[in-house]
Structure formats: C-alpha cells, structure tokens
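# Structural description and commentary
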Amino acid sequence: MGEIEGTYRVLQTPGSRLGVQKTTGVSTLEPGQNLSSAMASSPAKTHERDLPIKIKMLDNTVEVLDIESKYYGQTLLTEVYKHLNLIESDYFGIEFQNIQSYWIWLEPMKPVIKQVRRPKTTMLRLAVKFFPPDPGQLQEEYTRYLFALQIKRDLAEERLTCSDNTAALLVSHLLQSEIGDFDESEDREHLKTNQYLPNQERIEGKILEFHRKHVGQTPAESDFQVLEIARKLEMYGIRFHLACDREGTKINLAVSHMGVLVFQGNTKINTFNWSKVRKLSFKRKRFLIKLHPEGPYQDTLEFLLGSRDECKNFWKICVEYHTFFRLFDQPKPKAKAVFFTRGSSFRYSGRTQKQLVDYIKDSGMKKTPYERRHSKARASTRASNTDVPKQSVPFIEGLRTPGSPASAAAPFHSVHSSATPTPVLPIFAETSPSSLDPRAPYARIPEKNGAAPAEEAGRKLMQQPGSAMLQGLPVDHPQLSSLVLKSPLGLNPAFQVNLNAASQGSSPLLSPVLSDAGGARIEEDDEMKRKRYPTDKAYFIAKEILATERTYLKDLEVITVWFRSAVIKENAMPEGLMTLLFSNIDPIYEFHRGFLKEIEQRLLLWEGKTNAHMKGDYQRIGDVMLRNMRTLKEFTSYLQKHDEVLTELEKATKRLKKLEMVYNEFELQKVCYLPLNTFLLKPIQRLMHYKLILGRLCKHYTAEHRDFADCRNALKEVTEMTSQLQHSLIRLENFQKLTELQHDLIGIDNLTAPGREFIREGCLYKLTKKGLQQRMFFLFSDMLLYTSKGVTGTNQFKIHGHLPLHGMLVEESENEWAVPHCFTIYSAQKTIVVAASTRLEMGKWMEDLNMAIEMAKKSTEKSDMLLENSVCSRSNRSSDEVSLEQESEDDIHSSRSSLDRQSHHRANTTMHVCWYRNTSVSMTDHSVAVENQLSGYLLRKFKNSNGWQKLWVVFTNFCLFFYKTHQDDYPLASLPLLGYAVSSPVEADGIQKDYVFKLQFKSHVYFFRAESKYTFERWMEVIKRATSSPARSSLLLPKDEKDSHTD
C-alpha cells in the first residue's frame, strides 16, 4: 500500500494548548455522523449469541457484562461508564493483554470480538488512559478517587517507581483513605492482608510513621494528596514501550501530555514536545518522529520497536494523547476513499480535554455521590464532616456534574468484590449544605430515585445546630486537628465535635482554574448568593485576616519546618545558635497555628446558615482578636530577641563555610521564595498588619456596634506591642536589606558596618566613553556605590566604583550634556554624569542624594573610615575630572573573599527587577510594601485568553506570587509589579465582569477578578501604594527627629 504504513501529521498549536483557533483533524466517521449515531447505526443482529465479558474495575471488583458478539468497543465502554455513573469518562479506557502479553487499549471504532482473541477467557480491566499534568484539572471527586486507585495499582505493579520515603508516604495516604485515622495494631493487621508494594514489610515502619501524621484527614483529602505526590514523580502516568535507537542502544519510549519521552532505564533522557513535532509515522517496526527543523540538527528521528504491532500500538497512543491534550475539538470526519486508501485510518474518536472541561462546566450538571468500596474508616471526632466540598461560591461560574442514569443498558453482575458492600447513603449536595459522614462508603444513585427523600433529610439536617453552618474554608495544616479549641462560647460536646469536624471539611480538591478554596460549586442566581454569604464589610475584613494569617503561617514554616530540616540534615548549625533561633520562633509558630484555627472556625460560623439567635454571637471577630492579642503580648520577649537572632545568624554564616553553603542552597529552593532572613522579620511585621486591620474595623463600626468595644481594646493591645517594637523593626529591616545586598554584590565586605543605613537602589545610565551605559546604583547613608551585571554566571552585581557622601555635590545638568533627565555627581574622588529613565526617577534620586549628603555633614563619624575597611578597590581621580572612562568587567579586581561567595544567585530580588524594569526603590518603599501585603483567591485572565484561572495570590515585596491553593508550600510563578500600572479595565478590554482590575507594563496586560467590592478595592489599594511610592525615605531623618516620628 505504500512505504509509510501509518502517519499522523501533528497540527500546529502555538504556545498554549488552548490559545489557538479551532484545529481540524481527520476522523473515520461519515460526514454528519457523530460517535453515538455511528454506534447506533452499526449493524447488530437481535438474536446474536451473547458473550460474557469480564472487566476488572479499579477497586479490584470484577464485573461481568453480557454483550452481543457484534458490539463495538465504544458500546462496551459506554456500558461500563454508565454502570459506574462516571462523568469524566474520557480520561479512562479499557485495556487487555494480547497474545504477546503486553497491554493494549480497546479501540472504540472496532468490534470487540475482532480485538480480543478469546473474549470469554480474557480479563479486561478499566484503567486511566490520559494522565493530566495537574490532578486539580479533574473536576469530580469521584474521578480523583479512581485516579488514586490507579496510582495504587501502579505502585503494586512497580510501574510507578520512586524512593522508599515517597512510596511510604503514598501508602500512608492510601491507608488514611481506606481505614481512617492511625491505629497501630489495625494498621499492621491491614498491611499484612493488603499488599500495596512489593516487599512493603521493609518500609512498614515509615508507612506507620507517616500515617500517624494524617489524623483527621478525610478520604477525599487523602486521594488528592496521593495525586499531588504522584504527579511530581518522573514515572507518573508513564507506560514503557521497549525500543532501540539507531545505534542499537536499548531505550524505553513513552508518551505524556507534553509529548514523546525517551527513557534509558527509568531515567528520562529526552523529551520531544508536541510543539516541536511536525509528523509522527511508522513503517513496519520503525517509529519515526519528524521535527520542525532547528539549525543543523536532524529533523527526523527513528526508533526500532519489537514488532509492527507494537510500533503501531505506540503510534496510536501518541495520536490519541496529542489530540486529547492539544486540540480544541475532536477531528472532523473525512469522506471515505472510493477505490483504495493509503496508510492507517486510525484517529482519536473521543472528546478532547477542552471539550470535556467545557461539557462539565456548561451542561448544568449536579454533583452525584459514589461508593468507596475499600473505605472502612474508623469513627473519629471529625465524623460529622463531609468530604464533599462547599457547594456555593459567590464569584465564579460553577461546575456541575451530570447526574446520568444509573441503570446500564446491559445487565451487570458482580462475581468478586474485595470489600463487603455497605448500605447506600443518598447525598444530594445541591439541595442541602448539611454535613454528612465522609467516612461511610456511599454509592452513586440516580437523581430520580430518591431526590425527594434526600431533600427532606437535608432540610431536617439543616435544622440541627452545628450541621448546616460548618461548610467552607479548609484548614491550613492537618496537624491543626490536634489543637484545642479556645472558645468562651460554652458549646455543648456534640456541637464541639461538629465544629472540629468542619474546620477541615473542605479540601483543595478542584483545579484552581475552576474552583474555589477547596470546593466544587453549583451556579446560583444572584439572589441566592446574597442570601448564602454575608455582605457586611466586617465579614470581608475578617476574611482578609484569615487569608493573610494563612500566608503568614506558611512563611513561619519556611523557618520552623523547611530550614530546620535543611540544617539538621547537614548538621550545619552550632547547637547554641539552633537553640537561640528555634526557641524564639517555635512558640510563636505554635500560637499562630491555634489562632488560625480559631479564625477559621469563626468564619465558618459567620457565613453558615445559623439559627437567628445564634447569628449575633458569631457574626463578629473582635472577641477572637482581643483574646488572642492579649495572649500574644506574652510573646513580646521572644520578638525582642529577633534582633539578636538575625545578627548571630549572619555572623555564623560568615564564619562557618558549611552553614553558609546550606544557607545559600536553601535560598535557591522553591519554598524559600524570598531572601531567607526576610522570614525572620515576619512576626514583628505581622503585628503591624493586625494594627492596620483592627484600625479599619474600628472605622467601619459605629460606637454602638456590639463588636466595636472588643475591636478597640484589641487595637489598644496591639498598638502597645508595636510601639515597643517599632525601633527594633526599623533597625531589623535595615540590617536585613544590608545582608541581602552583601550576598548579591561582588567587591565589598562588611556592608553591614555599624551606623550604615540603606536608602535607595535602582538603575541609572552612566556616561562613559562608549556612551550611556546601564549601571545599578546603591545609596547608603555614607556612600554611593555603582555596579554592573557580572559575567560570572551567578547573577550577582560587580562593583565598579564608590563615592563617599562627605563633600559630595549633586547638580542637574540636562542642558550641559544634552541628555534627558541627566544630573552630575561631584565627589572628592571623581565626577560622574548619570541619567535617569524619567524625570520622576531623576527627582527621587536627587532628593535622596541631597538629603543623604546633609545627613553625612551632621554625622560625627567620617564615612571615609568605613570605606577603608569595606570597599575592596579604589580609584584615584581628581575631583574636577569628569569620569568618562571605558569600563570593562576586569577594571575592578574584587577581593578573593567576596569572589569565593559566588555559589548562588537569586534572580527575583528587588535589585534585579529594578535592573530590568529600569526603575528604583527606596527604603521607604520597602516599609510601605511591608504594610501593604495581601493574600486571597483571585481569578486571573491574560489579555488574549478566553477563560479565568483561579489562583491563590500573595502580594509581598513588590511581587505577586501565584499558588494553586493556599495549602501549597511554594509558588508556581511570580510577577514583580515594579513599573506596572494598576487601573480598572476600559471598554476596549472587553471585560464584562464586576470587580476586575488591570495590571499593565508596556504590552504586558493581566486582568484579576475579586470576589467582592471590598476585596477589589483592597487589592487596588495595596498595589497602588506599594508600586507608586513617595520619593523620600523617612529613615533619613536625624536621630533626634527619628525618635519623635516613630509613632
């Protein structure tokens, strides 16, 4: 039939999978036909003898389906999905072993009997076919449950290879999902009778150790954790196909959402992204990949598989993966050839991922329950919680899950079950937000068979105290379940059980693209939304306290959990420093864990549908704040020692090479998204946040409001603490900035000399013989440094010169040099001409320079003495000579000690942002940014994208950090906002939604959508304040004036 037996031309999709116009493809369907009609019109004899087909489900139960011998694969698939009431069915497939004993997928467009040689004796099995890169893209909890079972199967079959620690952690979450909270004797008994891993006895101790930490975690949360851990493994979703390259080297081929992968053993050695692949084809045993030509490299790659059938099987899988993940729509059908065809006609016939997501999103589906056959969870204090997430979210289009009929067209009967079936518990989440037992197994049932009784049960349950009002926000950390609820409300024991349960009820199970904080949603009209959630401004202020407290606790964990682990692992920190550091921060961390839990519980009660007489008790936050601010005063002594902690840590990193290495390596980890010592300032800065937030509450309330007195007293308590720590915070912020610069500048030692204060950093253009050259300038209270980007590969800046402020003079000189925004700096050593990017920038620099020069005159300490000990190289030049030297990277010979420290770099620090955005930042800007920090869920949209993506967003240090959920340990990405303008969208932007703000820098445009007017205004306010800052630094005030301004 021709040389190429099968080809597949990869249709081009630029950049993003979804950011393209509709793409066409090829299908074997007749014009005007769809898959369902093709199956319906296929000939089938009514009296054909039935075949019993055995199918092993993911929970290891075996079902027998009697089908007609002419049934197509699609009909069998449809019957299985109907039997399971599986909505997101396109992620799954049915596989079977052929004569050569390797697994192949059942094809929908062929009769079953033509694919399965011995259908009566062959065991088919349901399996996950398409593994999305992020389990959050799975919109149904039931789908995630089945995916977790697939991970369990892959572990047992040694397909998902990983380290012992990771394997033990995965098994511990599976245990939590199946048998509930830790009980050593029952755990050991369960592990004896259930084999999760080959040779699992070897790591049984680790499994139990991890399981002990999951107390209170619901089965749904455990499933999600299993998928979160698994997706980060290199072997996630990988199915090997043995092959050889052109040199005869044995390799393994695989396919994933991103493209075709090449492995040597279990190590990935190459990835051919879909965007680079032009065409996939096979000829006999040869598998061919044609790439888009790039330079001198070969554009066709050839691999040899074991047989033609294996080669064709792998080619088919590649075709299906590409279509599912990369295309908008399933390929359009083409007319059949009249005489003959050339090559394989195989094409993917199901829905693409985009179509599947849109179907769930737009078709008005309801969330339907399901049965966990393995779950035998023991009762715990959280037994009244639900692992069905919160069903109403007030500001995004919701997801709905189809309630398809439970009865299949063909009869199923079970021949084996690994768990005893349990009574069915009907749950209809759309009719009632009431809390139900997540530990009891429950089965999917059709909507029509019991909606009315379920509604009635829901109404009754809603009337019970403590049931209906406990939906909502997930707890930040599983360990919080062990904390004691501190509440003066005198709740009865049963109600307290429900309260503890609900505090961790919702889990972050849905994609940030499509869900709220840990929950699915059902679209409600505006009237229902207004009834469901409080609209009082005080509620949103309390919600801001909750959101920022979650971020703050995660920041503390960078020190108390992550950094501690790093130094203990390498034994890098002296015992005395360990004690000093962690004995001061651990008590604060433990206090805030309890505080966060209490805020979460109060918010749950506030937004719940409580009885009328209870609303007054819980729709306030002042009593919680007052009680905890009084407790926090006891920790003031710890906060006062942070100055000593920061100083000793810096001294130790200079003195101990091992600690310095661990410190530098830790700063490069994703979890350390800011300079490490920044996190040590967070406890004092958090007090400033409490003061500002309580101030807003007091302004909002009238004096007669029941919450006003508590808020005012809490404000007094926190103001007393901040006044004691204000001087310490100013000193610590300055010291932190100096140590950060010490790490990132080459050519200077002892930048943290006593008395030196940081004033401004930023980009200016210096006039040289080559013309205007970009330089980074750093202004301190005693000197001005200028640097350029180093060529060392460490991203550090190399000092080119320094100018003492003593005797310096600054003059505007635009007319003299005919350069816009230009000014001249005269010093005792040299004279330089610099230009700013804008007149505003020039004004900021000149104002700060003149004020710093005035301060230097009044200072009794001559800055020259400091410079002798700190700056490593000097240049002697007459003061009246304008510096137009031809600079190069070798002009300044930096000291060996500073060059030895080129072991790491951070490319997202403020200085790097200033360099690329051509701007500057002062110490006042840093102080203002500290006051203007915010966290919360936002919807993000790019300029040319269609949909909104749900993300947890943290604004700190002039930068937006994006997370999938608030529970994530590190950000997915960041967006520095220096240079960005924030505004409301204009009509030309085509944004039809409320509460949207726009961020723009040149051609880069982002839209963010908030949940309420208050939240929208807060985001606009903090971003404007932090990015459009005043020119002058308040830290430049003389000592006597500074004392009078600290309050």
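Residues numbered from 1 in each chain as written. Predicted model: local features only at pLDDT ≥ 70, side-chain atom pairs only at ≥ 80, totals over all residues. Heavy atoms only, no water.

## Some thoughts on the overall build of the protein
Quick reminder of the rule: Strands here are runs of E lasting at least two residues and helices are runs of H or I lasting at least four, both read from the DSSP assignment and numbered beginning at the N terminus. Three exposure classes are used, based on accessible area relative to the maximum for each residue type with a 1.4 Å probe and protein chains only: buried under 20%, partly exposed in between, and exposed over 50%. For this analysis, residues touch if any pair of their heavy atoms sits within 4.5 Å. The Shrake-Rupley method, run with a 1.4 Å probe, gives the accessible areas here. Residue values count only the displayed protein chains as cover.
Across its full length, the protein carries 30 helices and 30 strands. The 1047 residues of the protein split such that 58% are buried. A sequence separation of at least 24 residues applies to 71% of the contacts in the protein between residues at least 6 apart. Roughly 43600 Å² of accessible area belongs to the protein as shown, and the carbon and sulfur atoms make up 51% of that amount.

## With respect to the side chain of Lys737
Take Lys737: it is sitting in helix 22 (residues 708-744). On the basis of relative accessible area, Lys737 is assigned to the buried category, the value being 2%. In this structure, Lys737 is in contact with Phe758, Glu761, Thr910 and His926, ignoring residues within four places of it in sequence.

## Examining the nonpolar core
Rule in force here: The nonpolar core is taken to be a set of buried Ala, Val, Leu, Ile, Met, Phe, Trp, Tyr and Cys residues, with the residues joined through side-chain atoms within 4.5 Å.
Leu76, Phe92, Phe287 and Ile289 are the most contacted members of the largest nonpolar core, which has 94 residues in total. Sorting elements by how many residues they give to this core places helix 9 (residues 308-326) first, with nine residues. The contacts of Leu76, once residues within four sequence positions are left out, are Ile53, Ile55, Leu65, Ile67, Ile94, Leu106, Val112 and Leu124. Formed by 82 residues, the second largest nonpolar core is a distinct cluster that contains Leu580, Ile599, Leu680 and Val954.

## Observations regarding the packing of aromatic side chains
The relative placement of two aromatic rings is captured by the distance of their centres and the angle of their planes. Defined as follows: Two rings belonging to Phe, Tyr or Trp (six-membered ring only in the last case) form a pair when the distance between their centres is within 6.5 Å. Interplanar angles under 30 degrees mark stacking, angles over 60 mark edge-to-face geometry, and anything in between is tilted.
Under the counting rule described, the total for this entry stands at 34 aromatic pairs. Ring geometry for Tyr980 against Tyr1006: centres 6.3 Å apart, planes inclined by 45°, an arrangement best described as tilted. You can see Tyr980 sitting in the loop between strand 27 (973-976) and strand 28 (981-983) and its partner Tyr1006 sitting in strand 30 (residues 1004-1009), a full 26 residues away along the chain. Residue classification places Tyr1006 among the buried positions, given a relative accessible area of 17%. Measuring from ring centre to ring centre gives 5.5 Å for Phe997 and Phe1008, while their planes differ by 20°; the resulting arrangement is stacked. Of this pair, Phe997 sits in strand 29 (residues 996-1001) while Phe1008 sits in strand 30, and the two are 11 residues apart along the sequence. With respect to burial, Phe997 and Phe1008 carry one shared label: buried.

## Considering the sheet that holds strand 26 (residues 959-963)
Operational definition: Only strands that DSSP links by at least two bridges are regarded as paired with each other. In this analysis an axis means a line fitted to C-alpha atoms, helices contributing only their contacting stretch, and an angle means the value between N-to-C directions, from 0 to 180 degrees.
Spatial ordering of the open sheet is given by 27-26-25-24-30-29-28, a layout of seven strands whose pairing is antiparallel. The strands lining the two open edges of the sheet, one partner per strand, are strand 27 and strand 28. Neighbour-to-neighbour, the strand axes of this sheet turn through a mean angle of 35°, independent of strand direction. Running over the sheet, helix 14 (residues 537-570) touches strand 24 (934-942) and strand 25 (949-956) and is turned about 90° from strand 24.

## Comments concerning the environment of Val913
With respect to the helices and strands, the residue Val913 is situated in helix 27 (residues 910-917). In this structure Val913 comes out as buried when scored by relative accessible area, which is 10%. Separated by 151 residues in sequence, Val913 and Gly762 place their C-alpha atoms 9.1 Å apart.

## Some words on the pairing of strand 4 (residues 92-97)
The buried fraction of strand 4 is high, at five of six residues. Pairing analysis gives four bridges linking strand 4 to strand 6 (residues 123-128), with the strands arranged antiparallel. Residue pairing in the sheet places Ile94 in a bridge with Leu126 of strand 6. Bridge count between strand 4 and strand 5 (residues 103-105): three bridges; the pairing is antiparallel. What sits directly across from Gln97, in strand 5, is Trp103. Linkage of strand 4 to strand 5, two consecutive antiparallel strands, is achieved through a turn of five residues, within which Ser101 is found at a positive phi near 70°.

## Thoughts on helix 10 (residues 353-362)
Looking only at helix 10, the buried set comprises Gln353, Gln355, Leu356, Val357 and Ile360. Buried-residue contacts for helix 10 involve helix 9.

## Notes on the pattern of salt bridges
Two side chains bearing opposite charge may form a pair once their charged atoms approach each other closely. The line we're drawing: Within this document, salt bridges are pairs made up of a side-chain nitrogen of Lys or Arg and a carboxyl oxygen of Asp or Glu, the two lying within 4 Å of each other.
Per the counting criterion, the structure on display carries 44 salt bridges. For the salt bridge of Arg550 with Glu600, the shortest nitrogen-to-oxygen distance reads 3.1 Å. Here Arg550 is found in helix 14, whereas its partner Glu600 is found in helix 15 (residues 575-607), with 50 residues between them in sequence. One exposure class covers both Arg550 and Glu600, and it is buried. Salt-bridge contacts for Asp586 lead to Arg564; the nearest nitrogen and oxygen are separated by 2.6 Å. Linking Asp586 in helix 15 with Arg564 in helix 14, this pair joins segments that are 22 residues apart in sequence. The partly exposed category is assigned to Arg564, whose relative accessible area is 24%. Each of Glu544, Arg696, Arg1018, Glu1021 and Arg1025 takes part in one network of salt bridges that share partners.

## Some points on unusual backbone geometry
One non-glycine residue, Asn571, lies in the positive phi region at around 50°. For Asn571, the location among the structural elements is in the loop between helix 14 and helix 15. Its relative accessible area of 63% is what places Asn571 among the exposed residues. Notably, Tyr995 is not glycine yet its phi reads approximately 60°, a positive angle.

## Focus: the packing of helix 4 (residues 141-156) against helix 8 (residues 219-231)
For any two helices packed against each other, one specifies the inter-axial angle together with the distance between the axes. Heads up, the condition is: Geometric relationships in this document are graded by angle, where less than 35 degrees denotes roughly parallel, more than 145 denotes roughly antiparallel, 65 to 115 denotes roughly perpendicular, and other angles denote oblique. For any pair of crossing helices, the crossing counts as left-handed if the nearer helix is rotated counterclockwise from the farther one by less than a right angle, and right-handed if it is rotated clockwise. Amino acid classes used here: Ala, Val, Leu, Ile, Met, Phe, Trp, Tyr, Cys and Pro are nonpolar; Asp, Glu, Lys and Arg are charged; the rest, including Gly, are polar.
It is the contact of helix 4 with helix 8, at a shortest axis distance of 9 Å, that shows an interaxial angle of 55°. By the angle between their axes, helix 4 is oblique relative to helix 8. As helix 4 runs across helix 8, the sense of the crossing is left-handed. Side by side, helix 4 and helix 8 meet where Glu141, Arg144, Tyr145, Phe147, Ala148 and Ile151 of the first sit next to Ala220, Asp223, Phe224, Val226, Leu227 and Ala230 of the second. When its residues are assigned to classes, the contact of helix 4 with helix 8 shows nine nonpolar, no polar and three charged.

## Observations concerning the environment of Tyr552
Checked against the element boundaries, Tyr552 lands in helix 14. The spacing of Tyr552 and His592 is 40 residues in sequence and 8.8 Å in space, taken between C-alpha atoms. Beyond its immediate chain neighbours, meaning those up to four positions away, Tyr552 contacts Ile588, His592, Lys682, Pro683 and Arg686.

## Thoughts on the confidence of the model for the protein
The predicted coordinates ought not to be read in detail in places where the model reports low pLDDT. Inclusion rule: A score between 0 and 100, pLDDT records how confident the predictor is in each residue.
When pLDDT is averaged along the protein, the result is 74, and 69% of the positions lie at 70 or above. Low pLDDT (under 50) marks residues 378-410, which in the prediction has 150 contacts with non-local residues, meaning those over four places away or in another chain. Throughout residues 1030-1047 the model reports pLDDT below 50, and contacts reaching past four residues in sequence, or to other chains, amount to 37 contacts.

## Quick notes on the state of the cysteines
As a reminder of what qualifies: Pairs of cysteine sulfur atoms within 2.5 Å are what we label disulfides.
All chains considered together, the criterion is met by zero disulfides. Cys763 provides the cysteine sulfur closest to Cys914, a residue in no disulfide bond, and the two sulfurs are 8.3 Å apart.

## Here's the deal with the packing of helix 15 against helix 17 (residues 622-632)
Closest axis-to-axis distance for the helix 15/helix 17 pair is 11 Å, and the angle between their directions is 175°. Classed by the angle they form, the pair helix 15 and helix 17 counts as roughly antiparallel. Of the residues in helix 17, those in contact with Phe591, His592, Phe595, Glu598, Ile599 and Arg602 of helix 15 are Asp623, Val624, Met625, Arg627, Asn628, Met629, Thr631 and Leu632. Counted by class, the contact of helix 15 with helix 17 contains seven nonpolar, three polar and four charged residues.

## Some words on helix 6 (residues 184-193)
Note the following rule: Arc definition: it is the arc formed by the directions from the helix axis to the C-beta atoms.
Among the residues of helix 6, those classed as buried are Asp187, His190 and Leu191. Seen end-on, helix 6 carries its buried residues on one side only, within an arc spanning 100°. Exposed positions of helix 6 whose direction lies more than 90 degrees from the buried face are Ser185, Lys192 and Thr193. For helix 6, the secondary structure elements touched by its buried residues are helix 5 (164-179) and helix 7 (204-212).

## Section: the environment of Ile541
When you line up the elements, Ile541 lands in helix 14. Separated by 477 residues in the primary sequence, Ile541 and Arg1018 place their C-alpha atoms 9.7 Å from one another. Those residues in contact with Ile541 that lie beyond four places of it in its chain are Ile693, Arg696, Leu697 and Tyr1014.

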